[in-house]
Structure formats: C-alpha cells, structure tokens
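Structural overview for review
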Amino acid sequence: MCGICGVFGETSKQRTIETVRRMAEAMQRRGPDSQAVYPTMHGALGFARLAILDLSVAGNQPMATADGQWVLAFNGEIYNYRALRAELEGRGHRFASSGDTEVVLQALVCWGEAALARLNGMFALAFCHVASGRVMLARDRWGMKPLFLRATPQTLVFASQLDLVCAVHGDDPLRASAVGLYEHFTLGFPVAPHGLLDTVDQVAPGHTVTWQPGCEPACAPFISPNWWDDEHHRAPTLEELDALLEASVRRHLVSDVPVGVLLSGGVDSPLVAAVSKRITRNALPAYTIGVDDVALDETGEAVRMAAGIGLDHRVDRLTGQDVLGLFDDVMECSSHPVTDFSLFPTLAVFRLAARDVKVVLTGDGADELFCGYVGRYQAVRDAAPVLAAGWSARAAASVAARFGRRRRPVRDLWEESLQALARRKLSTWRGAAAVRLFPALRPVHAGVHHADRQVIVGTDALAHMRELDLRWHLPGILDKVDRASMYWSIEARVPYLDNEFAAAALRCEASACLDEHGRVGKLPLRRLLARVGVQAPVLKKGFTVPMQRWLLGELRERFLDTIARRASLLGMPVAPGEVARLYRAVEDGDHRPVRALWAMLSIAIWEDRIARLRTEFTAA
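Residues numbered from 1 in each chain as written. Predicted model: local features only at pLDDT ≥ 70, side-chain atom pairs only at ≥ 80, totals over all residues. Heavy atoms only, no water.

So, the overall build of the protein
What counts here: Secondary structure elements are defined from DSSP: runs of H or I of at least 4 residues count as helices, runs of E of at least 2 residues count as strands, and each element is numbered from the N terminus. Atoms counted for the radius of gyration: C-alpha only. Globule rule: 2.2 Å times the number of residues to the power 0.38. The buried label applies to any residue whose accessible area, calculated with a 1.4 Å probe on protein chains only, is under 20% of its type's maximum; exposed applies above 50%, and partly exposed to all values in between. Contact between two residues is taken to exist if any of their heavy atoms lie within 4.5 Å; hydrogens are not considered. Working definition of accessibility: Shrake-Rupley area with a 1.4 Å probe, residue cover restricted to the visible protein chains. Note that His is not counted, nor are the chain ends; the positive residues are Lys and Arg, and the negative ones are Asp and Glu. Here the site of a charge means atom NZ of a Lys, CZ of an Arg, CG of an Asp or CD of a Glu.
Tallying secondary structure elements over the protein gives 24 helices and 19 strands in all. Whereas a compact globule of 620 residues would reach a radius of gyration of roughly 25 Å, the protein reaches 24 Å, a difference of no more than 12%. With respect to the three principal axes, the spread of C-alpha positions in the protein is 75 × 60 × 50 Å. Here the protein, with 620 residues, has 59% of them falling under the buried criterion. Residue pairs at least 24 apart in sequence account for 73% of intrachain contacts in the protein once pairs closer than 6 positions are excluded. In the form shown here, the protein has an accessible surface area of approximately 24300 Å², with 52% of it arising from carbon and sulfur atoms. Here the protein carries 71 positive and 71 negative side-chain charges, and the mean point of each set is 4 Å from the other.

Given below as structure tokens:
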C-alpha cells in the first residue's frame, strides 16, 4: 500500500523531476518508509512506499525491468502473486525480490494489458514504456485504490491524491465539474471517470487510460461487465461460500508485518474476524470505535462478539469534544473533499489500530454484495410490480399503502421509473435540493431525470438494485477507508472483494440474500456466522456520528466562519441566502440538510488548502 504519481510531457526535465519528488514527499503518510523518483526521457514516475511484503530495498519502487525498457509504479496488494510468480517462472522469468510488485511488472511485460484481469487484489498502477513514453494507468475492478489524472495530448499528470494533481498546475483556476459536483452532493462522490473538477478525471474501476505524447488519451475496460458469471450460472452452496471466504481471508493474511482486524457489532467484520481466528488459531488484535450517543453506539455488541470469537479486543470512544481535536486530521486526510462524516470514526479506529499493526482486514463490500441495506431493497421490491403496471395500479396501491394493514411510503409508488426510485434511495441528498443550492446545476439535474426515465429494468429489480449499490455506493465506502487508513500509514484489506469470493457472491440470487419479508439481509453471511457460534443482531446501528448535534454545537463556529458569507464554491455560484436557510432548518430539527452542509464545509476548507499547497509548490 503506497502512493504513486507522475508527470510526463513537460518541457523542463529538471523541473519535472523536482515536481515529482515533491509530489512523492507529500504522500509520506501513504508511504512513510521511502520516497523515490524514476526519471525517463519523457517524464518521471514517483512513489511513496509503505512496506508490507519484502521489506528489503529489493521491493522499492518505481521498479524497472533489468533491461530498463519498462518501469512500474504500483499501489496496492496482489493476493494471488505467488501463483502468478510460479507461472512466470515456468516461462523463464527470474525474480530479484520476494514481494508482489515484481510479479506485477513481469506479468505486464509477459501478458500486456491482459495481465490486469488476472490480478486478484487491489491496485492503481502506472506502467511506462521508457523509449516511447507510453504510460498505461490502470485501476482494479472495484476501485479500491484511487487514481486521479489530468491528461491532454501534450501532458499527463497523475497521482493517488487529487490535491497533488491540482498543485502541479497552480495557474489554472479550480472550477467544479457540473456533473461531478451534482454527483458529489447527491450520491456522495463523483462517479468515475467523472471528477469533482472540470480538468481532473479519475481512472474508472476496471479500466485503463493510455497516454502517449501527441495522442489523445484512450480509456478502455480490461474486464467484461459480467466478469463474475460462469458457464454454469450456478449459485454457490453455503459450504462452497464458506470455503471461498476462508481461502480469501487466508490470502489476505499474508504479510511481513503485523495484521489485525476491524470489528463492528454487525455481521461482516465479525465473520472476517472469526474466519481469521479459525485460520491462525491466534487471538488477533481487533479494533472498535464507539461514540457518545447511545442511539448510534454499538461497542456493546462488538465486545460480545469479540468475546465469542476469542479476539484480543481494543475499544476507544469518540466524544463530541474529541471531534474538535480530530477535525484537522479529517480535513488533512481528505486529499479531495468528503461528504461522508463517518470518516470521523473511521479515522479514529485506524488511529487506534496504528498503535499495534500495519495491516487490518475489514468487512467492507459485504453489504453491497449480499443486499445488506434492506430498506432500499424492500422499497424496490414492493414498488417494482406497481410501477410496471400503470397509473391506475399505482392509485390503487397508494390507497392500500396509506390505509392498509401494512403501511408503506406512498411516494415510492409515484416515481416515474424504478431507476428513479433506486437513485433516490441511494442519494444522500435530493437533486432538486442541490439545484436550489447551486442553480447552475439545473441542466445536469434535468439530464439525470431524463436518463433515469429511459433505463429499462429487467425482471429482477433486486439484482438491479444490487448493481447500483456496487456502482453508486461501494466506491464511496472504499474511498473513505483508503483515505482514513493511509492517513495513519495502514494497509486496509477487503476479503469480501476477493475476485473468487465476490464472483461467487454475485452468482447468489439477490432475493436469496433477504428474508421473505425483506427486513433482514445478508442471509448467507448470517448463516456462516452462526456456524461459528456467534449470533448477529437483526438490526445494525451503522458506523456514524451525531453530525447534526456537532454542527449546531462543537463545529458551529467553524462552519459559520468558513461558509456563511461564501458566494461560490469551486467557481460555482451559491444561491443567496440558501446556506442560511438550510442551517436554520437544521436548527429547527430537520436532519436532511446535514450532509449537504458538511459537504460545503469540506469543499470550502479543501479549496483554501489547495491554494496554500499551490503556493508551496510554486515557491519550490
């Protein structure tokens, strides 16, 4: 786990080397063990290393082939590297190191872009052909590792952090992308390849971007959309799922540094912890963070599960006063603005783990694979036949929903399409509200509204909802985990997103993950957890904080000083008086604008920080 960066196509070679050196040094939290630059005739690659496998200098990057024709900067971890290495050795390749980086390098030389689909793990990489200056950027199929770029036919700048790409071209104004800003406020993050800024994109998960001097950058997928399906289309048995999860966790435990687990009071991370204990037969260190709000705190359940599994459990608590001390850390770790304020406890739990370990296993990805967000699945399942039946059926269903034995939200039955309903259930804020705050976003909102009406959902509405969960929700979770773990120089590994396990999970029918009433999700994982003697709670409280209370209390002065008189954000005009209206609504008890107000605060502070960072890069 590390940070990568690079600049290509600039006229001054010395300035390029110095710029990349500063970029690599600025990623010291991502890679505290070493930082290095590899110059080529067309540019330079940079790297900041967090040593996890092969702690010797043989594992340092950027790493070049023996003949100097190819060079690689690679951020991530490949869990099937030993099998790939054996295959490459059978083809005559020789290795000077024992880690996974050289395996990725040799695989790309041997198989070209086809090697990417064979990598089981998380990665963002830059692979450069030295003579031609061609650079291939690539990102794993889930987008577990970030990769931002600014590319024209003349120049390429890329990095693991958005702020560093922005710092290189200090003369360009920071202008929001209308689509990126709309997605940032409604979904919680810009969906790759969109970026928050109009001049900086992201490499999309499962894609490459190839750049060569004088050519337009080219983007292409390296896996098929249904990569997880096989010729039999058969759902795995519970025994097969158990074996695949154990194999995944076993691969994820391979490390030359200490490993721990994060532990919640739910299903996902306790199951990973239980499987880890079964493999290692040791009491692995497990870490839990709580909050001082009884309605949100789940440390009691986590303590019960840790005792049942047999873990070495460490617990810390985040109070309202702690948020002020953690606030600057939250902003500094945000190389791009954040909307998810559960970053506070996420950052705190990785801080706790950093006292003992450099690698932790997490339970992320399980909710999206196994339909864990039951509220939206229940809504989509109930509404799908009504929305497909016509307006008279909607009217009859609305009466039944309002006055029948089983009350349901009537609004769900009057959405224009199932896609529109799914988007609303996934949204952190309504699009119409975002338009009131930023009137210039009105055309984007109209375009999204029109596009949603055109989407034809197949017969399996639950499968469609799961697909959207993976596309519109999971990337935000992975981004949060990456920035929080990297801030404390910890590698976070996600066993549920192992290629083999995830493929089997996606072959499970979405309906098989929910009980008959649609009120309990992740049934296969619950059954696996019960097998190890641990009973999961039916309802999980979630990993969040009382941000509404904090905005009105501990963060009130900070918010009003930063936002109250701001006429624009990232060059996007803010509607006069709208921020004050939203804040008054929160004061009156309305929780709906809380995430938007937090997002505005995050963007404003980030925008000011980029100005300072650009000054530092220019001065150097």
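Focus: the packing of aromatic side chains
Any two aromatic rings considered together are summarised by their centre-to-centre distance and by the angle between their planes. Short version of the rule: Pairing of aromatic side chains here covers Phe, Tyr and the six-membered ring of Trp, requires ring centres within 6.5 Å, and sorts the geometry by plane angle: under 30 degrees stacked, over 60 edge-to-face, intermediate tilted.
Considering all chains together, one arrives at 13 aromatic pairs under this definition. With a centroid separation of 4.8 Å and an interplanar angle of 5°, the aromatic rings of Trp-70 and Phe-127 are classed as stacked. Linking Trp-70 in strand β5 (residues 70–78) with Phe-127 in strand β6 (residues 121–129), this pair joins segments that are 57 residues apart in sequence. Each member of the pair Trp-70 and Phe-127 is classed as buried. Connected via pairs of aromatic rings, a cluster forms that spans Phe-327, Phe-344, Trp-550 and Trp-598.

A short note on the sheet that holds β6
Across a sheet, strands are paired by hydrogen bonds formed along the backbone, either parallel or antiparallel in direction. Applicable threshold: Strand pairing requires that DSSP identify at least two bridges connecting the strands.
Taken in spatial order, the six strands line up as β4-β5-β6-β7-β11-β12 in an open sheet, and their pairing is antiparallel. Both outer strands of the open sheet, β4 (63–64) and β12 (218–221), are each paired with one neighbouring strand and no more. Relative to strand β11 (residues 207–211), strand β7 (residues 134–139) runs antiparallel, the two sharing four bridges. In the strand pairing of β11, Val-135 is matched with Trp-211.

Notes on the packing of helix α12 (residues 374–389) against helix α17 (residues 461–472)
Note the cut-off: Angles shown run from 0 to 180 degrees and are taken between the N-to-C directions of axes, each axis being a line fitted to C-alpha atoms and, for helices, limited to the stretch in contact. Helix crossings are classified by the rotation of the near helix relative to the far one: an anticlockwise turn of less than a right angle makes the crossing left-handed, while a clockwise turn makes it right-handed. Just so you know the grouping, Ala, Val, Leu, Ile, Met, Phe, Trp, Tyr, Cys and Pro go in nonpolar, Asp, Glu, Lys and Arg go in charged, and all remaining residues, Gly too, go in polar.
At a minimum axis distance of 9 Å, the contact between α12 and α17 shows a crossing angle of 145°. As α12 runs across α17, the sense of the crossing is right-handed. Between α12, through Arg-376, Tyr-377, Val-380, Arg-381 and Ala-384, and α17, the contact on the second element is made entirely by Ala-461, Leu-462, Met-465, Arg-466 and Asp-469. Considering only residue class, the contact of α12 with α17 consists of six nonpolar, no polar and four charged.

Notes on the pattern of salt bridges
What counts is decided by this rule: Put simply, a salt bridge is a Lys or Arg side-chain nitrogen that is within 4 Å of an Asp or Glu carboxyl oxygen.
This structure, assessed with the given rule, holds 38 salt bridges. For Asp-33, the salt bridge identified is with Lys-358, shortest N-O distance 3.3 Å. Taken together, the residues span a long stretch of sequence, with Asp-33 in the loop between α1 (13–26) and β2 (34–39) and Lys-358 in the loop between α10 (343–353) and β16 (359–361) at a distance of 325 residues. The exposure class assigned to Asp-33 is partly exposed, which follows from its relative accessible area of 41%. Put simply, Arg-423 and Asp-452 hold a salt bridge, and the shortest N to O gap is 2.7 Å. Placement of the pair is Arg-423 in helix α14 (residues 418–426) and Asp-452 in helix α16 (residues 442–454), with a sequence separation of 29 residues. Accessibility classification places Arg-423 together with Asp-452 in one group, the buried group.

With respect to the side chain of Asp-515
Counted only if it meets this: Residues adjacent in sequence count toward polar contacts only when both atoms are side-chain atoms; beyond that, a polar contact is any pair of N or O atoms within 3.5 Å, and within protein one must be able to donate a hydrogen and the other to accept it.
Considering the arrangement of structural elements, one finds Asp-515 in the loop between α19 (499–507) and α20 (523–531). For the buried residue Asp-515, which engages in no salt bridge, the nearest side chain bearing the opposite charge is Arg-381, 5.4 Å off. Here Arg-519 takes part through its backbone nitrogen, which lies 2.8 Å from a polar atom of the side chain of Asp-515. Beyond its immediate chain neighbours, meaning those up to four positions away, Asp-515 contacts Arg-381, Val-520 and Leu-523.

What about the nonpolar core?
As a rule of thumb, soluble globular proteins bury nonpolar side chains together. Cut-off, in case you're wondering: Nonpolar cores were defined as sets of buried Ala, Val, Leu, Ile, Met, Phe, Trp, Tyr and Cys residues, with membership established by side-chain atoms within 4.5 Å.
Of all hydrophobic cores here, the largest spans 100 residues; its most connected members are Leu-125, Trp-142 and Leu-369. With sequence-adjacent residues up to four places away left out, Leu-369 is seen in contact with Trp-142, Arg-466, Leu-470, Tyr-496, Leu-497, Ala-502, Ala-505 and Leu-506.

Topic: the sheet that holds strand β8 (residues 148–151)
The strand order β2-β3-β1-β9-β8-β10 describes an open sheet built from six strands, whose pairing is antiparallel. Each end of this open sheet is capped by a strand with a single partner; those strands are β2 and β10 (201–202). Bridge analysis of strand β1 (residues 2–8) against strand β3 (residues 43–49) gives seven bridges, and the strand direction is antiparallel. For Gly-3, the partnering residue across the bridge sits in β3 and is Ala-48.

With respect to the environment of Ile-4
Inspection of the secondary structure assignment puts Ile-4 in strand β1. Along the sequence, Ile-4 and Ile-17 sit 13 residues apart, while their C-alpha atoms lie 14 Å from each other.

A word on the side chain of Thr-562
Mapped onto the elements of the fold, Thr-562 is located in helix α22 (residues 556–563). Residues within four places of Thr-562 in sequence aside, it is in contact with Leu-601, Ala-604 and Ile-605.

Things to note about unusual backbone geometry
The residue after Gln-61, namely Pro-62, is reached through a cis peptide bond having omega -5°. Following the sequence through the fold, Pro-62 ends up in the loop between β3 and β4. Each neighbour pair has its own omega, and for Ala-192 with Pro-193 the value is 15°, a cis peptide bond. One can find Pro-193 in the loop between α5 (178–186) and β10. A positive phi angle, near 60°, is found at Arg-281, a position not held by glycine. For Arg-281, the position within the fold is in the loop between α7 (268–280) and β14 (285–291).

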